[in-house]
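Take a look at the letters that make up each chain.
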Amino acid sequence: LIDAQFVILKKKKFYVCDTLKHAPKLIPLKNLIFVSNVYVGNKEIDGLFGFMDRNGKELLTFEFESVERLKNGQFMVKKLGKVGVVSQEGKLIIPCEYQDVNLFDQNKFYLVEKDGKFGILAQNGSEILGPSFDFIKVFNEETWLVKEGSNLKYYFPRSATWIAPKISSNDE
């Protein structure tokens with residue numbers, strides 16, 4: 001029993017019985033992952049993954065090669081070799097245009113990689129730092145260390161400010 005629903009696998013097909021509506025429904029998925037109000041699975045014909053609501057309505061087309069649940073409850077999806085992120089509600093948050101997407105800074109942000117460069121996105125998909133950096137690391141709980149070319153800088157995400165350390169020479 002999950003959120004007032006039973007999921008039954010019979011003859012390689014999934015059936016859902018809603019205990020509130022008492023109406024069994026066939027969910028045409030080969031593999032099924034049930035999360036909150038969204039079904040995630042793949043169809044028998046092409047093996048691609050997609051998202052459906054509890055009524056069987058397609059939320060996102062079945063076009064993803066893989067789906068991986070993340071620690072924050074969202075999903076990393078892969079399409080044509082590129083990755084993006086889908087919300088728990090089955091909405092595309094980050095389009096599939098990155099080589100890699102990872103949770104960053106205690107799962108509050110996403111570290112994305114595109115064309116060998118790194119950037120940071122918020123969990124809603126908005127860009128904080130575009131993918132133009134050689135690396136981005138958490139320096140402490142309020143600061144990120146960022147390298148762009150030969151320049152090292154500190155970024156403060158709360159205030160969206162930068163500090164570039166000054167390198168002094170003792171030759172004077």
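See the structure above.
Along each chain, residues carry numbers from 1 onward, in the same order as the chain's sequence is written. Only residues with pLDDT of at least 70 are given local features in this predicted model, and only at 80 or more are side-chain atom pairs given and counted; all residues enter the totals for whole chains, interfaces and linings. Note: side-chain values were computed over all heavy atoms of the structure, leaving out hydrogens and water.

A strand pair is defined by DSSP finding two or more bridges across the two strands. Elements are defined by DSSP. Helices are runs of H or I of four residues or more, strands are runs of E of two residues or more, and each kind is numbered from the N terminus. The sheet contact formed by strand 8 (residues 66–69) and strand 9 (residues 75–79) spans four bridges and is antiparallel. Across the sheet, R69 pairs through a bridge with F75, a residue of strand 9. Where strand 8 folds back on strand 9, the antiparallel hairpin that results is connected by five residues, among which G73 adopts a positive phi of roughly 90°. Across five bridges, strand 9 lies against strand 10 (residues 82–86) in antiparallel orientation. Residue F75 lies in a different strand from strand 10, and its bridge partner there is V86. The hairpin formed by strand 9 and strand 10 contains two residues between the paired strands, and L80 there has a positive phi angle of roughly 50°.

A separate point is the sheet that holds strand 11 (residues 92–98). With antiparallel pairing, the four strands of this open sheet are ordered in space as 8-9-10-11. Both edges of this open sheet fall to strand 8 and strand 11, since each of them pairs with a single strand only. Neighbour-to-neighbour, the strand axes of this sheet turn through a mean angle of 20°, independent of strand direction. Note that strand 10 and strand 11 share three bridges and pair antiparallel. Across the sheet, residue V86 finds its bridge partner in strand 11, namely L92. Structural elements are reduced to axes, namely lines fitted to C-alpha atoms, with helices fitted over the stretch in contact, and the angle between N-to-C directions of any two is expressed from 0 to 180 degrees.

Along the chain, the position of T143 falls in strand 17 (residues 143–148). Non-local contacts of T143, meaning those with residues more than four positions away in its chain, are made with K137, V138, Y154, Y155 and F156. In what follows, a contact means two residues having at least one pair of non-hydrogen atoms within 4.5 Å.

Once that is clear, we can look at the packing of aromatic side chains. Stacked, tilted and edge-to-face are the three classes assigned to paired rings of Phe, Tyr and Trp, where Trp is represented by its six-membered ring and a pair needs centres within 6.5 Å; plane angles under 30 degrees give stacked, over 60 edge-to-face, the rest tilted. Within this structure, the stated rule accounts for eight aromatic pairs. When the centroid spacing of 6.3 Å and the interplanar angle of 85° are considered together, the rings of F51 and F64 count as edge-to-face. Linking F51 in strand 6 (residues 49–53) with F64 in strand 7 (residues 58–64), this pair joins segments that are 13 residues apart in sequence. To sort residues, take the accessible area from a 1.4 Å probe on protein chains only and compare it with the maximum for the residue type: under 20% means buried, over 50% means exposed, and anything in between is partly exposed. Of the residues examined, F64 reaches a relative accessible area of 1% and is grouped as buried. By the ring-pair criterion, three or more aromatic residues cluster together here, those being F104, F109, F133, W144, Y155 and W162. Note on geometry: a ring has a charge over it if NZ (lysine) or CZ (arginine) is within 6 Å of the ring centre and within 35 degrees of the ring normal. Over the ring of Y98 we find K114, and its NZ or CZ is 5.7 Å from the ring centre. The positively charged end of K153 is found above the aromatic ring belonging to W162, 4.7 Å away from the centroid.

Right, let's talk about unusual backbone geometry for a bit. At N107, a position not held by glycine, the phi torsion is positive, near 65°. Along the chain, N107 turns up in the loop between strand 12 (100–104) and strand 13 (109–114). By relative accessible area, N107 is classed as partly exposed at 31%. In this model, A160 sits at a positive phi of 55°, which is unusual for a non-glycine residue.

Moving on: the sheet that holds strand 19 (residues 161–163). Overall, antiparallel pairing links the four strands, which are arranged 16-17-18-19 in an open sheet. Looking at strand neighbours, the two that pair on one side only are strand 16 (135–140) and strand 19, the edges of this open sheet. In this sheet, adjacent strand axes meet at a mean angle of 30° when their direction is disregarded. Relative to strand 18 (residues 151–156), strand 17 is paired through five bridges, and the arrangement is antiparallel. When the bridges of strand 18 are listed, K147 appears paired with L152.

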